[in-house]
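Chain by chain, the residues run as shown.
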Amino acid sequence: MFDPQEIEAVSRLLAVPRKIVLAAHKNPDGDTIGASLAMMHFLRQKGHEVSAIVPNVFPGYYNWLPGAKEILVFDRNARAVRKVLAEGQLLFCLDFNSLERTGNMAPDLKKFTGKKIVIDHHPGPSDEFDHYFSVVEASSTGELLFELIEALGDKSLLGQEEALALYTCIMTDTGSFSYNCNHGRTYHIVAELIDRGVDAAKVHEMVYDTYSENRLRLLGFALSSRLLVWYDLHTAVIYLTKNDLRKYHYEVGDTEGLVNYGLSMEKINLAVLLTEKDNQIRISFRSKGNFSVNRLASDFFNGGGHKNASGGNTKTGMEETIRKLKDVLQLFKDELDYTVSF
Ligand code: 5GP
Ligand code: MN
């Protein structure tokens, strides 16, 4: 799974107490937050001084994770983040493949003088790191972190706090075990996490059954009034304008998972969510089967991601973005015309 020399190198770096910084990607999700927190608890047990940093605010439904309140948010407190980066000796980059993915925080990470270690499952990691634990086939960064802890011979340090965080990584990055989860190894790891005190139903409830009324009504509005279905392109698009978000008192995390509803229709192979935020349109792509949304996002929409889940953005308005999307998809019309079957 990992290069033994990389394991040896990291083992040596962790052999004496260090000041360690853990970095998450922009618009943090359950995997990057869970991996940061699992790593934080694990490294503290090994005697290190650990700080976790994120570029911008993460959804409130991860606040219950042990340690979540300690995470420093660059957008809110750049000074505190810069201080830990200036003092840090090691930087772990969790769940992203290039420093650019940390948005406004990227220039500060680029200036970091200690060793940078990446643990991630996105394709094509950049050359900015000193040590690589990069495996595209892994369900999540959390799964890789479990493997790394095991490879370091430290499985005995995996307690309930680490297990809760790692389980959250795997659950959220597989859509509750509905994609990216066709390797038996994932379930063996999940079994080990549950044996360490994870209540799987409870974690699911904390993450998915904690909607506000506004969020649920926004979902209803999006599906009834903001859904476009392009049957000839096997594509469903949901778009939400700034006004829509304001009307439903949008809070960070409220549109998470919304894109998947498009994909729940039969004959739809591509689902797109467009949200107008900070004078740009944020784009989420999801696909069924073989169609690669990573390519679509990186070649046309200034983004990237995985084969079946990617994201990007445009600087043009909503109408222009919808027009561009429809134009670009004409190029993929034949590729999008397939039936997922057994
Ligand atoms: P989401 O649609 O949930 O925001 O993102 C889905 C996937 O695409 C995630 O794996 C995320 O890391 C990746 N992704 C989202 N936005 C971007 C982006 O702007 N650039 C790149 N390279 N990846 C992105
Ligand atoms: Mn991930």
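Residues numbered from 1 in each chain as written. Chains lettered and ligands numbered in written order. Predicted model: local features only at pLDDT ≥ 70, side-chain atom pairs only at ≥ 80, totals over all residues. Heavy atoms only, no water.

### Side note on the pairing of strand β8 (residues 235-240)
Two faces belong to every sheet, and in a regular strand the side chains alternate between them. Cut-off, in case you're wondering: When a residue's accessible area, from a 1.4 Å probe over protein chains only, is under 20% of the maximum for its type it is buried; when over 50% it is exposed; and in between it is partly exposed. A run of H or I in DSSP counts as a helix once it spans at least four residues, and a run of E counts as a strand once it spans at least two, with each numbered from the N terminus. Strand pairing is defined by DSSP finding a minimum of two bridges between the two strands.
Summarising burial for β8: six of the six residues are buried, a large majority. Residues T235, V237 and Y239 line one face of β8 and the alternating positions A236, I238 and L240 line the opposite face, and both faces are buried. Strand direction decides the pairing type here: strand β7 (residues 227-230) and β8, joined by four bridges, are antiparallel. Directly across from V229, in β8, lies its bridge partner A236. Between β7 and β8, which pair antiparallel one after the other, the connecting turn spans four residues, and H234 there sits at a positive phi close to 55°.

### Section: the sheet that holds strand β2 (residues 49-54)
Taken in spatial order, the six strands make up an open sheet running β3-β2-β1-β4-β5-β6, and their pairing is parallel. The open sheet is flanked by β3 (72-73) and β6 (131-134), the only strands paired with a single partner. Relative to β2, strand β1 (residues 19-23) runs parallel, the two sharing five bridges. The partner of K19 across the bridge, within β2, is E49.

### Looking at the packing of aromatic side chains
The condition that has to hold: Within 6.5 Å between ring centres, the rings of Phe, Tyr and Trp (the latter by its six-membered ring) count as paired, and their orientation is classed by plane angle as stacked under 30 degrees, edge-to-face over 60, tilted in between.
Under the definition given, this model contains nine aromatic pairs. Measuring from ring centre to ring centre gives 5.6 Å for F285 and F301, while their planes differ by 50°; the resulting arrangement is tilted. Residue F285 is found in strand β10 (residues 280-287), and its partner F301 is found in the loop between α12 (293-300) and β11 (304-305); the two are separated by 16 residues along the sequence. Since its relative accessible area comes to 0%, F285 is described here as buried.

### Focus: the site of ligand 1
Stated formally: Here a residue counts as near a molecule or strand whenever at least one of its heavy atoms sits within 4 Å of it. Two N or O atoms count as a polar contact when they lie within 3.5 Å, although within protein this holds only if one can serve as hydrogen donor and the other as acceptor, and sequence-adjacent residues are included solely when both atoms are side-chain atoms. We get accessible surface area from the Shrake-Rupley algorithm with a probe of 1.4 Å; when it comes to residues, only the shown protein chains can shield them.
As a matter of local geometry, ligand 1 sits amid R101, H122, R282, S284, R286, G303, G304, G305, H306, A309, S310 and G311. Side-chain polar atom of R282 to an oxygen atom of ligand 1: 2.9 Å apart, as the coordinates give it. A distance of 3.2 Å separates an oxygen atom of ligand 1 from a polar side-chain atom of H306. For ligand 1, whose unbound accessible area comes to 500 Å², protein coverage reaches 80%.

### Re a nonpolar patch on the surface
Rules: Patches draw on residues past 30% relative accessible area with no salt bridge. Two like charges within 9 Å are joined, as are two nonpolar side chains (Val, Leu, Ile, Met, Phe, Trp, Tyr) within 5 Å. When a carboxyl oxygen of Asp or Glu lies within 4 Å of a side-chain nitrogen of Lys or Arg, that pair is called a salt bridge.
A cluster of nonpolar side chains, namely Y211, L216, L223 and Y261, defines an oily patch on the protein surface of about 350 Å² accessible area. Among the secondary structure elements, Y211 is positioned in the loop between α8 (200-208) and α9 (213-225). The exposure class of Y211 is partly exposed, given its relative accessible area of 32%.

### Section: the state of the cysteines
How we decide: The disulfide definition used here is simple: a pair of cysteine sulfur atoms within 2.5 Å.
Enumeration according to the criterion identifies zero disulfides in this entry. Distance from the sulfur of C93, which forms no disulfide, to the nearest cysteine sulfur (C169) is 15 Å. For C93, a relative accessible area of 0% gives the class buried. Cysteine C169 remains unbridged, with the sulfur of C181 as its closest cysteine sulfur at 15 Å. Assessed through its relative accessible area of 0%, C169 is described here as buried.

### Considering the coordination of the manganese ion (ligand 2)
Selection rule: Atoms are scored as donors when they are N, O or S and lie within 2.8 Å of the metal, with 3.2 Å used for Na, K and Ca; no water is included, so coordination may look incomplete.
All of the protein donors around the manganese ion (ligand 2) are D31 (OD), D95 (OD), H121 (NE2) and D173 (OD); their distances to the metal are 2.2 to 2.3 Å. Each donor residue of the manganese ion (ligand 2) lies on one chain, and together they are spaced D-x63-D-x25-H-x51-D. With D31 in helix α2 (residues 30-45) and H121 in the loop between β5 (115-120) and β6, this pair connects stretches of sequence that are 90 residues apart. Comparing D31 with H121 shows no difference in burial state: the two are buried.

### Quick notes on the domain arrangement of the protein chain
The test is simple: The domain limits used here are those given by an automatic or database domain assignment. A simple way to read buried area is as the amount of 1.4 Å-probe accessible surface that goes missing from two parts once joined, with both sides added. Under the scheme applied here, ten amino acids are nonpolar (Ala, Val, Leu, Ile, Met, Phe, Trp, Tyr, Cys and Pro), four are charged (Asp, Glu, Lys and Arg), and all others, including Gly, are polar.
The assigned domain composition of the protein chain is domain 1 (4-208) and domain 2 (213-336). Computed from C-alpha atoms alone, the centre-to-centre distance between domain 1 and domain 2 is 27 Å. Area buried by domain 1 at its contact with domain 2 is led by Y61, H122 and P123, which between them contribute 41% of it. Our count for the contact surface shared by domain 1 and domain 2 stands at zero salt bridges. On the surface where domain 1 and domain 2 come into contact, there are two residue pairs in polar contact (both at pLDDT 80 or more). Of the residues that constitute the side of domain 1 that touches domain 2, the class distribution is five nonpolar, four polar and one charged.

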